[in-house]
Amino acid sequence: MVCNIAVIKGDGIGPEVVTEAMKVLDAVGAKYGHTFNYEQLLMGGCSIDACGEPLTDETVAKAKAADAVLMGSIGGNTSTSPWYKLPPEKRPEAGLLKIRKELGLFANLRPALLYEQLYKACPLKEEIAARGFDMLIMRELTGGLYFGKRSTTEVDGVTTAIDTLTYTDKEIRRIAIKAFDIAMKRRKKVTSVDKANVLDSSRLWRKIVEEVAKDYPEVSYEHMLVDNCAMQLVKDPAQFDVVLTENMFGDILSDEASMITGSIGMLSSASLNETKFGLYEPSGGSAPDIAGQNKANPIATILSAAMMLKFTFDLDAEGDAIENAVKKVLEEGYRTGDIMSEGGKLVGTDEMGSLIAERI
Ligand code: IPM
Ligand code: MN
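Residues numbered from 1 in each chain as written. Chains lettered and ligands numbered in written order. Predicted model: local features only at pLDDT ≥ 70, side-chain atom pairs only at ≥ 80, totals over all residues. Heavy atoms only, no water.

1. Some points on the packing of helix α1 (residues 14-32) against helix α10 (residues 299-311)
Where α1 contacts α10, the two axes come as close as 8 Å, and the packing angle between them is 45°. Relative to α10, α1 is oriented oblique. Seen along the crossing, α1 lies across α10 with a hand that is right-handed. Where α1 approaches α10, its residues Val-17, Val-18, Glu-20, Ala-21, Val-24, Leu-25 and Val-28 are matched on the opposing element by Thr-301, Ile-302, Ala-305, Met-308 and Leu-309. Along the lines of polarity and charge, the residues of the contact of α1 with α10 split into ten nonpolar, one polar and one charged. (Axes fitted to C-alpha atoms, helices over the stretch in contact; angles between N-to-C directions. Helix = DSSP H or I, 4+ residues; strand = E, 2+ residues; numbered from the N terminus. Parallel < 35°, antiparallel > 145°, perpendicular 65-115°, else oblique. Left-handed = near helix turned anticlockwise from the far one by under 90°. Contact = heavy atoms within 4.5 Å. Nonpolar A, V, L, I, M, F, W, Y, C, P; charged D, E, K, R; others polar.)

2. Considerations on the pairing of strand β9 (residues 220-225)
It is a general feature of regular strands that their side chains alternate between the two faces of the sheet. Judged from the six bridges that link them, strand β8 (residues 189-194) and β9 form a sheet pairing that is parallel. Across the sheet, Lys-189 pairs through a bridge with Ser-220, a residue of β9. Taken together, β8, helix α7 (residues 200-213) and β9 form a β-α-β motif whose crossover is right-handed. (Pairing = 2+ DSSP bridges. Right-handed = clockwise from strand over helix to strand, strands pointing away.)

3. Here's the deal with the packing of aromatic side chains
In total, this model carries three aromatic pairs according to the counting rule given. Seen in terms of ring centroids, Tyr-167 and Trp-205 are 5.6 Å apart; in terms of plane orientation they differ by 70°. Their pairing is edge-to-face. You can see Tyr-167 sitting in the loop between β7 (158-163) and α6 (169-184) and its partner Trp-205 sitting in helix α7, a full 38 residues away along the chain. On the accessibility criterion, Tyr-167 (8% relative accessible area) is buried. Seen from their ring centres, Phe-180 and Tyr-221 are 6.2 Å apart, and the 65° between their planes marks the pair as edge-to-face. One end of the pair, Phe-180, is in helix α6; the other, Tyr-221, is in strand β9, with 41 residues separating them in the sequence. One aromatic cluster is present, built from ring pairs that chain together Phe-180, Tyr-216 and Tyr-221. Against the face of Phe-106 rests Arg-174, its NZ or CZ located 4.2 Å from the ring centre. (Phe/Tyr/Trp six-rings, centres within 6.5 Å; stacked < 30°, edge-to-face > 60°. Buried < 20%, exposed > 50% of the residue type's maximum accessible area, 1.4 Å probe, protein only. Lys NZ or Arg CZ within 6 Å of the ring centre and 35° of its normal.)

4. Observations concerning the packing of α1 against helix α12 (residues 349-358)
It is at 9 Å that the axes of α1 and α12 come closest, and there the two elements cross at 15°. As far as their axial angle goes, α12 and α1 are roughly parallel. Between α1 and α12 lies a crossing of right-handed hand. Facing Glu-16, Val-17, Glu-20, Lys-23, Val-24 and Ala-27 of α1, the residues of α12 in contact are Thr-349, Asp-350, Gly-353, Ser-354, Ile-356 and Ala-357.

Given below as structure tokens:
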């Protein structure tokens with residue numbers, strides 16, 4: 001199979017971790033007889049530096065023309081980087097939000113599972129970690145507070161900033177369907193997370209989720225308030241299978257979920273539209289503090305490449321091969337700094353990538 005992949009390495013640790021994911025993909029290509037063609041595109045801070053804007057029309061057009069996008073991370077240190085002196089719509093993050101919108105990537109899948117080998121890196125109490133967990137956060141990605149109208153105005157010396165949280169029934173329905181569909185392939189449970197005791201958008205969310213649930217009699221579902229969910233994630237993460245939620249709640253809960261897996265450096269993600277196209281990126285950020293030091297954990301990006309093989313290219317065996325290689329390397333005790341614990345063998349970004357590639 002020939003796979004045309006647009007590659008956005010981005011900023012911070014992005015280039016380092018994506019390079020390792022490409023190394024692993026090439027190992028898959030060699031073993032299973034596939035060709036991965038890469039076209040490197042700019043987005044984020046590096047695009048601001050080179051082209052004066054975080055996302056050019058050229059990047060959007062080339063990303064759309066590819067079969068999938070493999071991405072690293074964008075952005076820099078928000079206190080010190082000159083990118084954050086620019087108006088908000090010219091900053092690196094604006095590029096990411098725009099590409100999500102332009103490509104219609106409304107469904108963001110963020111799996112959070114605790115690898116047996118990483119129990120020691122899990123910050124939860126031992127008896128909770130011992131039960132393990134394997135959940136998938138289905139985050140709505142192109143609506144809500146991120147894309148509602150916003151403004152900052154000053155009237156009579158009073159400055160007011162407004163952000164609006166908007167959802168239509170159609171937007172809720174399509175993400176709910178994605179969640180229930182994927183639950184059918186997992187443990188058949190959906191926890192829909194909202195703030196229906198306060199927000200109108202959440203009350204509509206609940207109503208539509210209930211309608212969608214009727215079409216999936218085999219899937220058990222429940223509603224959970226977001227504050228309670230934040231608590232349940234550290235109290236009893238094993239209870240979750242598919243967690244369905246809106247954009248902002250999903251952003252926050254997925255960082256929390258990643259931390260209990262041991263490190264945000266383990267969490268992959270896929271952003272999908274209605275077709276087989278997807279953008280695959282680690283859930284973590286650009287980590288400017290460790291950029292260029294060969295310290296970043298490339299596993300989240302490598303696992304994102306595995307998601308790409310499965311979702312976009314239907315190469316399930318190849319995706320499994322990557323996941324198994326990751327498990328093997330962890331079993332053998334190799335660790336990047338973020339997941340290091342006593343007795344582990346500390347390796348850098350590139351060595352971790354090579355070890356995984358060699359085990360394909
Ligand atoms: C993420 C990131 C982005 C988001 C930022 C960089 C805009 O935190 O993908 O979770 O908030 O969606
Ligand atoms: Mn985030």
